[in-house]
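Chain residues, written in single-letter form:
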Amino acid sequence: MPRIVRPIAYGTPDVLAITEVPTPRAAADGVVVEVRAAGVNPIDWKLYSGAFHAVDDDHKDAAGVAASMPSIGLECAGVVTEVGADVTGVQVGDEVIVYPVTAAYADYVTAPATSIFTKPAGIGWAQAGSLMLTGTTAVHALHAAGVDAGDTVLVHGGAGGVGLMGVQLATARGATVIATAAERNHALLRELGAIPVVYGPGLADRVNSAAPQGITAAVDFAGTDEALDVSLELVADRTRIASIAGSPRRAATGIKLLGYGPGQDAGTEVRGTARGELVERAGSGALRVIVDTTFPLAQAAKAHEVGIAGHAPGKLVLIP
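Notes on the structure follow.

Thresholds applied
Residues numbered from 1 in each chain as written. Predicted model: local features only at pLDDT ≥ 70, side-chain atom pairs only at ≥ 80, totals over all residues. Heavy atoms only, no water. Helix = DSSP H or I, 4+ residues; strand = E, 2+ residues; numbered from the N terminus. Rg over C-alpha atoms; globule rule 2.2 N^0.38 Å. Buried < 20%, exposed > 50% of the residue type's maximum accessible area, 1.4 Å probe, protein only. Contact = heavy atoms within 4.5 Å. Areas by Shrake-Rupley, 256 points an atom, 1.4 Å probe, with all protein chains shown as cover. Pairing = 2+ DSSP bridges. Axes fitted to C-alpha atoms, helices over the stretch in contact; angles between N-to-C directions. Parallel < 35°, antiparallel > 145°, perpendicular 65-115°, else oblique. Left-handed = near helix turned anticlockwise from the far one by under 90°. Nonpolar A, V, L, I, M, F, W, Y, C, P; charged D, E, K, R; others polar. Salt bridge = Lys/Arg side-chain N within 4 Å of Asp/Glu carboxyl O. Core = buried A, V, L, I, M, F, W, Y, C linked by side-chain atoms within 4.5 Å.

### Observations concerning the overall build of the chain
Here is step 1: Helices and strands together make up the secondary structure of the chain, namely ten helices and 15 strands.
Here is step 2: Relative to a compact globule of 320 residues, whose C-alpha radius of gyration would be 20 Å, the chain shows 19 Å and is just as compact.
Here is step 3: Taking the principal axes of the C-alpha coordinates as reference, the chain spans close to 60 × 40 × 35 Å.
Here is step 4: The proportion of buried residues among the 320 residues of the chain is 52%.
Here is step 5: Considering only intrachain contacts with a sequence separation of at least 6, the fraction spanning at least 24 residues in the chain is 66%.
Here is step 6: Of the accessible surface of the chain, which amounts to about 13300 Å², a share of 51% is contributed by carbon and sulfur atoms.

### A short note on the sheet that holds strand β9 (residues 176–180)
Here is step 1: The strand order across the open sheet formed by six strands is β10-β9-β8-β11-β12-β13, and the pairing between neighbours is parallel. Taken across any chain shown, the strands that pair with only one partner, and hence form the sheet edges, are β10 (195–197) and β13 (256–257).
Here is step 2: Relative to strand β11 (residues 217–220), strand β8 (residues 152–156) runs parallel, the two being bridged by four bridges. Bridge pairing in β11 places V153 opposite A217.

### Here's the deal with the environment of S71
Here is step 1: By the element assignment, S71 lies in the loop between α2 (60–63) and β4 (76–83).
Here is step 2: Given a relative accessible area of 23%, S71 falls into the partly exposed group.
Here is step 3: For the pair S71 and P2, spaced 69 residues apart in the sequence, the C-alpha separation amounts to 16 Å.

### Section: the pairing of β4
Here is step 1: Among the eight residues that make up β4, six are buried, leaving the element largely enclosed by the rest of the structure.
Here is step 2: With seven bridges joining them, strand β3 (residues 30–40) and β4 adopt antiparallel strand pairing. When the bridges of β4 are listed, A37 appears paired with A77.
Here is step 3: Where β4 meets strand β5 (residues 95–98), four bridges bridge the pair, whose relative direction is antiparallel. Within β5, the residue paired with C76 across the bridge is V98.

### Considerations on unusual backbone geometry
Here is step 1: Residue P100 follows Y99 across a cis peptide bond; omega there is -5°.
Here is step 2: In this structure, A103 is a non-glycine residue whose phi angle is positive, near 65°.
Here is step 3: Mapped onto the secondary structure, A103 falls in the loop between β5 and β6 (108–112).

### Brief notes about the packing of helix α7 (residues 203–210) against helix α8 (residues 225–234)
Here is step 1: Where α7 contacts α8, the axes come no closer than 10 Å and their chain directions differ by 50°. Our classification of the angle between α7 and α8 gives oblique. When the axes of α7 and α8 are compared, the crossing they make is right-handed. The residues of α8 that touch α7, namely those facing L203, A204, V207 and N208, are E226, V230, E233 and L234.
Here is step 2: For the contact of α7 with α8, the class distribution of residues is five nonpolar, one polar and two charged.

### What about the packing of helix α4 (residues 132–144) against helix α9 (residues 268–284)?
Here is step 1: As a packed pair, α4 and α9 sit with axes 9 Å apart at the nearest point and diverge in direction by 120°. Of the possible angle classes, the one that applies to α4 and α9 is oblique. Considering how the two elements wind past one another, α4 and α9 form a crossing that is right-handed. Side by side, α4 and α9 meet where M132, L133, G135, T136, T137, V139, H140 and H143 of the first sit next to V270, R271, A274, R275, L278 and V279 of the second.

### Focus on the pattern of salt bridges
Here is step 1: Inspection of every chain in the model, using the stated rule, returns nine salt bridges.
Here is step 2: The salt bridge involving K119 is made with E95; its shortest N-O contact spans 4.0 Å. Highlighted residues: K119 in the loop between β7 (116–118) and α3 (125–129) and E95 in strand β5, separated in sequence by 24 residues.
Here is step 3: Take E95: its relative accessible area is 39%, and that puts it in the partly exposed class.
Here is step 4: The salt bridge involving D151 is made with R240; its shortest N-O contact spans 2.8 Å. You can see D151 sitting in the loop between α4 and β8 and its partner R240 sitting in the loop between α8 and β12 (241–243), a full 89 residues away along the chain.

### A word on the nonpolar core
Soluble globular proteins tend to pack their nonpolar side chains together in the buried interior.
Here is step 1: I97, Y105, L131, V153 and V219 are the most contacted members of the largest nonpolar core, which has 79 residues in total.
Here is step 2: Tallying contributions element by element places α4 first for this core, with seven residues.
Here is step 3: When neighbours within four sequence positions are excluded, V153 is seen to be in contact with V147, A170, A175, T176, V177, I178, A217, A218 and V219.
Here is step 4: In terms of nonpolar packing, the next biggest core, distinct from the first, is built from 17 residues, L154, A204, I215 and I241 among them.

Written as structure tokens, this is what we have:
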């Protein structure tokens, strides 16, 4: 029987369990997809760890918390195995990217037809299954910070899954990118067009040396107090600082807070619109989806342990 990975309680990755379930059936307006790859993202373990912030009711489905126990796995790619009666433009056998979706840590998922995009032939399953969540998050952050040609943008957490997307997308817009990362990831960031700097004490001075023209915007994908403080120090207009994570003290600073929580910008329209462009860019090779490690579905807990440790550049992906 098909398998699904679910948390059986709130806690650490050891609460994840594999369960056998019947093969799902397509709704009239949806499809069933056999999963070939599912992206692993910090939101997945935050959902069952109890560390995730409160979520506005309007965004619970998108955040994967509509059920009593959260579903995990919000993006994937695979092959269509069933098409609902009201669906047009999708056929059994189509190779597709699915986002947004819930419960993608599985052999099969159901999704509305509006979540389906044709997988470009030029990218592999692991890349296709891990493109969307980090890509749409990066687009949202750059939009919120108003990053455009001529800007010099500071990207905190430049070697993470979202950061690598943000670096590439900001560079494509014509911005100069200063990206924080451990030194072992600097060569990759240079390859993608960024000027890398090491995070840690003295960060503001290193950023000033790398960008004597000044920093006009910042996007924080790291969520550290250092990232917040340095952004506030270097960016004159606080509305041009966007943050996807961090401590509650962010709320009093006047920066843009992005997410599904009360008082935060979910960016639903921006993210939704970005999906097609991301698929096109990835398919043409203009956007690289950098995968660090793949894991079998049965090793979802191990993938989360690696993700929580936070040292992997790029994406972690489950392969059923």
